[in-house]
Amino acid sequence: MKITDIETIAIEMPLPKTFKGSYYHMTHRCTIITRVYTDEGIIGECYNGDEFETQAEILKIIHEEIKPKVIGLDIFSSEQVWQAALAPTYNILRDRKLATNAQACIDSAVLDAWGKALGQPLYKLWGGYRDSLQVIAIAGYYEDGKKLADFGTEMEALRKDGLAGCKFKVGGRSPEEDAARVKAARSAVGDDFILCVDANQGFTQRDAIKFGLLVQDCNIRWFEEPCRWYNDRSSMALVRQVTGIPVAAGQSEYHRGGCRDLMVDRSIDVCNFDASWSGGPTEWRRVAAMAMSFEVQMGHHEEPQVSAHLLASIPHGTYMEVFHPDRDPLFYSLVENRNAFDNGVYKVPDGPGWGLKLDEKTIAKFRVN
């Protein structure tokens, strides 16, 4: 089954307010829909990434550098397609993440066509360890005027909406202030609500340790990217050892070698490598295989449209991450056949490939090309 054409659609959706993490903010939800056409009429499609300012560059890489190399290749030779799409990453004069994001778009759409051709959901083709996942929301953002009690109210609302837990933003205030925010969140929902914290590399090593010690009684599932980027592997290893809180990282790595180094250096307990940023599901599954050797669990940074199948396919997968509909309107409006959350659990789509049906009205309203 040969690839005959590739189509991309850029989507840009304004958010109702600005969402602030430790040292970043989000005003739009963006993505790229990629469609791979085949000579037997099967169309593979997926959406990947959340790149606002660099979207045009990623699209250019797909059409000018990858498309000419993959037209005519067989979708069942997915490793061959992946290798052909790797060539743009060799350009040392641009951000390599742009090329791995473009590669992920192609890889995800090819794998969807592969699953559709075989009439099976991808999670089953990859091992089918489970057919549902606990789902947690990324929340607890910094907002002007927000009081401590408001974080408890937010957690209660997430539970009411069918979420099993929250990945809570920290790293943008002092360890003491952030610890107070987390304690308010925990006290509102009790210990059976999954609570992770995510500093997005916002803390120094000392402040990460101080914060971790302050929240030792909060039953923190993991502490994500606790330390600044310039010495993160050794700093995270120290945070693990001193605080006893499991550490998660990997979303800022764009290839399996970076994740390997996190594991070799004993920096992490959970690897949240992002298939949509970093070469696609093919690369994520290589990282997952390595993680099993190191007794490291696998997460996935956001992107529930692909993470559900990846995490459900393996025995050491953790939780599917989503946002509130205000933060990620795409998942709630673009995916026409999205399964509802039921007591903190999301059933993995059982249609062929990714099992996604994309809403054409949403596409028409928010497309930018």
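Nothing here was measured: the structure is a model prediction, and the numbers come from that model.

Notes on the overall build of the protein
A tally of regular secondary structure across the protein gives 13 helices and 13 strands. Against the compact-globule benchmark of 21 Å for 369 residues, the protein has a radius of gyration of 20 Å, which places it among compact chains. When the backbone C-alpha atoms are referred to their principal axes, the protein occupies close to 60 × 40 × 40 Å. The buried share of the protein, reckoned over its 369 residues, is 58%. Within the protein, contacts between residues separated by at least 24 positions form 71% of all contacts whose residues are at least 6 apart in sequence. Carbon and sulfur atoms make up 49% of the accessible area of the protein, which amounts to about 14800 Å² in all. For the protein, the distance from the average site of its 42 positive side-chain charges to the average site of its 52 negative ones is 1 Å.

Regarding the UniProt feature "domain: Mandelate racemase/muconate lactonizing enzyme C-terminal" (unreviewed entry) in the protein
With numbering matched to this structure, UniProt assigns "domain: Mandelate racemase/muconate lactonizing enzyme C-terminal" (unreviewed entry) to residues 148–246. Annotation note: span residues 148–246, helix share 51%, strand share 12%, distance between end C-alpha atoms 25 Å.

A word on the pattern of salt bridges
By the definition in use, this model includes 30 salt bridges. Put simply, R256 and E283 hold a salt bridge, and the shortest N to O gap is 2.8 Å. Of this pair, R256 sits in helix α9 (residues 256–264) while E283 sits in helix α10 (residues 281–293), and the two are 27 residues apart along the sequence. Exposure remark for E283: the relative accessible area of 2% places this residue in the buried category. The network of salt bridges with common partners includes K167, K169, D198, E224 and E321.

Looking at the domain arrangement of the protein
Per the domain assignment, the segments of the protein are domain 1 (2–119 + 359–366) and domain 2 (124–347). The C-alpha centroid of domain 2 is placed 24 Å from the C-alpha centroid of domain 1. Taken residue by residue, the interface counts 38 residues in domain 1 and 39 residues in domain 2. When the area that domain 1 buries against domain 2 is broken down by residue, the three leading residues are K20, R29 and Y47, summing to 19%. Close ionic contact of E79 with R286 constitutes a salt bridge, the shortest N to O distance being 2.5 Å. Connecting domain 1 to domain 2 are 19 residue pairs in polar contact (both at pLDDT 80 or more).

Brief notes about the packing of α9 against α10
Two numbers describe how α9 lies on α10: the axes approach to 10 Å, and their chain directions differ by 20°. Our classification of the angle between α9 and α10 gives roughly parallel. In this structure, α9 crosses over α10, and the sense of that crossing is right-handed. On the side of α9, the interface is formed by R256, C259, R260 and M263, while α10 contributes E283, R286, V287, M290 and A291. When grouped by side-chain class, the residues that make up the contact of α9 with α10 number five nonpolar, no polar and four charged.

Conventions adopted
Residues numbered from 1 in each chain as written. Predicted model: local features only at pLDDT ≥ 70, side-chain atom pairs only at ≥ 80, totals over all residues. Heavy atoms only, no water. Helix = DSSP H or I, 4+ residues; strand = E, 2+ residues; numbered from the N terminus. Rg over C-alpha atoms; globule rule 2.2 N^0.38 Å. Buried < 20%, exposed > 50% of the residue type's maximum accessible area, 1.4 Å probe, protein only. Contact = heavy atoms within 4.5 Å. Areas by Shrake-Rupley, 256 points an atom, 1.4 Å probe, with all protein chains shown as cover. Lys, Arg positive; Asp, Glu negative; His and termini not counted. Charge placed at Lys NZ, Arg CZ, Asp CG, Glu CD. UniProt positions renumbered as here; feature names shortened; annotations may be inferred. Salt bridge = Lys/Arg side-chain N within 4 Å of Asp/Glu carboxyl O. Domains from an automatic or database assignment. Buried area = accessible area lost by both parts, 1.4 Å probe. Polar contact = N/O pair within 3.5 Å; in protein donor to acceptor, adjacent residues only side chain to side chain. Axes fitted to C-alpha atoms, helices over the stretch in contact; angles between N-to-C directions. Parallel < 35°, antiparallel > 145°, perpendicular 65-115°, else oblique. Left-handed = near helix turned anticlockwise from the far one by under 90°. Nonpolar A, V, L, I, M, F, W, Y, C, P; charged D, E, K, R; others polar.

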